[in-house]
Amino acid sequence: MEVVVIVIVSAIIANYMHELGHLFTARLVKLPVAKVHLGVGPVIRERVGRGGARFLYGPLPGAAVLFDPEVYRSVSPFRRLIVASAGPVTNFAATFLFLAIAYILYPSSYPPVIDITDPRGAAATAGMQSGDRIVSVDGTDIHDWRGVGSAFVSRAGDTGTLRISIRRDGAAHAYEIPIGDWQSDRAWINAFDDLGFYPRPPDSDDGSGVVSEITTAFADTVRFGWSMAGAGIKMLLGDMSFLSLFGGLQLTQLGLDDRNLDFGDYLKLLALFSMAFGIINCLPGPPADGLAILFSATEVAIRRRLAGAPVVGNPPVFDNPVTTIGYVLSFGPLVLCIVHDVIRFT
């Protein structure tokens, strides 16, 4: 239940940060905002803010920034590109910020030593034992638990075998663990549960410096982005559930033990949800920002305006055949992901 609450709260925070990115950037480039929803559901309070924007307050958490289509399309493509990109960019920046704070305040590099939690699990059945130190997964050298989690996430939806090499009492051992459509049949992906082991908490902080932790946070921000993009391709192919982007995939990627989370772990999870929210909003289909970014970037590149440019946060307007076809082609991948999930879960 604790993790479920964290998931919900993290998604809400990521949403608010995203929309505030649109709002502040719109004010920076002087693009008038029509409405700002702070809370969803029936409007319980309304006020008019600076520039004539209507602030609407609802009873449930959630946010949205809406623009008047005519006003939005009247400004230059470059200004629209800045505003459309601001939401995802804010989420990516927040990912780095949360990771940096978590890494500085808390140990960020757990040694990859395991504790067997399920004696009947796949790892124990193969012969792995508590105290084993993982040195490689599928031929990739492992240095900490984040590396273990990322290696496991990259195999989500795959079949075949998972090759894990360990060191025990100075001796090397290698195991091949059979996997079949690994974790692809459900939304909550946590490879450690499947394999039956979790990380052994370190005895003390590794003493890394602030600069080192900030550098690691930046590298992990990039790594998480690539990893989630790869997961998105698997979702399009039907190998993973679209819901898994918001499930235990996050725990696995960080190498976290969901039975023992500290505040630093909460910050790391919040960082990953912010990254996931930003990536989803880069998709070129409504109501995400990706199509608005694509249209504006194209107009900037060709130096002329295109008819029916999509508006950030607004529902699609099928006002000409070209725009209609563009929406259908762009929205198709999301529909495909949903179809795959319906088939999988029914």
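Only a predicted model underlies this, so the values are computations on that prediction, with no experimental measurement involved. (Residues numbered from 1 in each chain as written. Predicted model: local features only at pLDDT ≥ 70, side-chain atom pairs only at ≥ 80, totals over all residues. Heavy atoms only, no water.)

(A) Looking closely at the overall build of the protein. For the protein, the count of helices and strands is 11 helices and 10 strands. Considering only contacts in the protein between residues 6 or more positions apart, those separated by 24 or more positions represent 68%. If you sum the accessible surface of the protein, you get close to 16200 Å²; carbon and sulfur atoms cover 65% of it. (Helix = DSSP H or I, 4+ residues; strand = E, 2+ residues; numbered from the N terminus. Contact = heavy atoms within 4.5 Å. Areas by Shrake-Rupley, 256 points an atom, 1.4 Å probe, with all protein chains shown as cover.)

(B) A look at the packing of aromatic side chains. Within the structure shown, the criterion is met by nine aromatic pairs. Centroid distance phenylalanine 96 to phenylalanine 218: 6.3 Å. Interplanar angle 80°. Geometry classified as edge-to-face. Taken together, the residues phenylalanine 96 in helix α3 (residues 77-105) and phenylalanine 218 in helix α7 (residues 210-237) connect sequence positions 122 residues apart. Judged by relative accessible area, phenylalanine 96 falls into the partly exposed class, the value being 28%. Classification of phenylalanine 218 by relative accessible area gives exposed; the value is 53%. Aromatic pair tryptophan 145 and phenylalanine 197: ring centres 6.2 Å apart, planes at 50°, arrangement tilted. On the criterion of sequence distance, the pair formed by tryptophan 145 in helix α5 (residues 145-153) and phenylalanine 197 in strand β10 (residues 197-199) is long-range, its members being 52 residues apart. (Phe/Tyr/Trp six-rings, centres within 6.5 Å; stacked < 30°, edge-to-face > 60°. Buried < 20%, exposed > 50% of the residue type's maximum accessible area, 1.4 Å probe, protein only.)

(C) Molecular detail of the packing of α5 against α7. Where α5 contacts α7, the two axes come as close as 10 Å, and the packing angle between them is 15°. As far as their axial angle goes, α7 and α5 are roughly parallel. As α5 packs across α7, the resulting crossing turns out to be left-handed. Contacts between α5 and α7 pair Arg146, Ser150 and Val153 from the former with Thr216, Asp220, Arg223, Ser227 and Lys234 from the latter. (Axes fitted to C-alpha atoms, helices over the stretch in contact; angles between N-to-C directions. Parallel < 35°, antiparallel > 145°, perpendicular 65-115°, else oblique. Left-handed = near helix turned anticlockwise from the far one by under 90°.)

(D) Unusual backbone geometry, seen in detail. In this model, lysine 30 sits at a positive phi of 60°, which is unusual for a non-glycine residue. Along the polypeptide, lysine 30 turns up in the loop between α1 (2-28) and β1 (35-40). Given a relative accessible area of 66%, lysine 30 falls into the exposed group. Backbone geometry places aspartate 169, a non-glycine residue, at a positive phi of 55°. The residue aspartate 169 is located in the loop between β8 (160-168) and β9 (171-179) in this model.

(E) Region of the structure containing the sheet that holds strand β7 (residues 140-141). Judged by pairing direction, the sheet is antiparallel, and its four strands sit side by side in the order β7-β6-β8-β9 without closing on themselves. Every other strand in the sheet has two partners, leaving β7 and β9 as the edge strands with one partner each. Sheet analysis places β8 next to β9, joined by nine bridges and oriented antiparallel. Counterpart to arginine 163 in the pairing with β9 is glutamate 176. Across the face of the sheet, α5 comes into contact with β6 (133-137) and β8 while running at roughly 40° to β6. (Pairing = 2+ DSSP bridges.)

(F) Broad picture of helix α10 (residues 290-302). Between its terminal C-alpha atoms α10 stretches 18 Å, which fits the 18 Å expected from 13 residues at 1.5 Å a residue. If you check which residues of α10 are buried, you get Gly290, Leu291, Ala292, Ile293, Phe295, Ser296 and Glu299. (Expected span 1.5 Å × (residues − 1).)

(G) Looking closely at the pattern of salt bridges. Counted according to the given criterion, the structure contains 11 salt bridges. When the shortest N-O distance is used, the salt bridge between arginine 146 and aspartate 144 registers 3.6 Å. Each member of the pair arginine 146 and aspartate 144 is classed as buried. Via salt bridges that share partners, Asp138, Arg155, Asp158 and Lys234 belong to a single interconnected network. (Salt bridge = Lys/Arg side-chain N within 4 Å of Asp/Glu carboxyl O.)

(H) Inspection of the environment of alanine 301 at higher detail. Note that alanine 301 resides in helix α10. Each C-alpha atom of the pair alanine 301 and proline 77 lies 9.6 Å from the other, and the pair is 224 residues apart in sequence.

(I) The arrangement of the sheet that holds strand β4 (residues 60-66) in detail. Strand order in the open sheet made by the four strands is β2-β3-β1-β4, with mixed pairing throughout. The sheet is open, and its two borders are formed by β2 (45-48) and β4, each paired with just one other strand. If you compare each strand with its neighbour and ignore which way they point, the axes differ by 10° on average. In terms of strand pairing, β1 meets β4 through five bridges, oriented antiparallel. Bridge pairing in β4 places valine 36 opposite valine 65.

(J) Examining a nonpolar patch on the surface more closely. Nonpolar side chains collect at one region of the surface, where Leu97, Ile101, Ile104, Leu105, Val210 and Ile214 lie side by side and expose about 500 Å² of accessible area between them. If you tally residues by element for the nonpolar patch, the top one is α3, at four residues. Exposure remark for isoleucine 101: the relative accessible area of 34% places this residue in the partly exposed category. (Patch = residues over 30% accessible without salt bridge, like charges linked within 9 Å, V, L, I, M, F, W, Y side chains within 5 Å.)

(K) Expanded view of the side chain of aspartate 265. By the secondary structure assignment, aspartate 265 is in helix α9 (residues 263-280). Since its relative accessible area comes to 4%, aspartate 265 is described here as buried. The residues contacting aspartate 265, other than those within four sequence positions of it, are Leu256 and Asn260.

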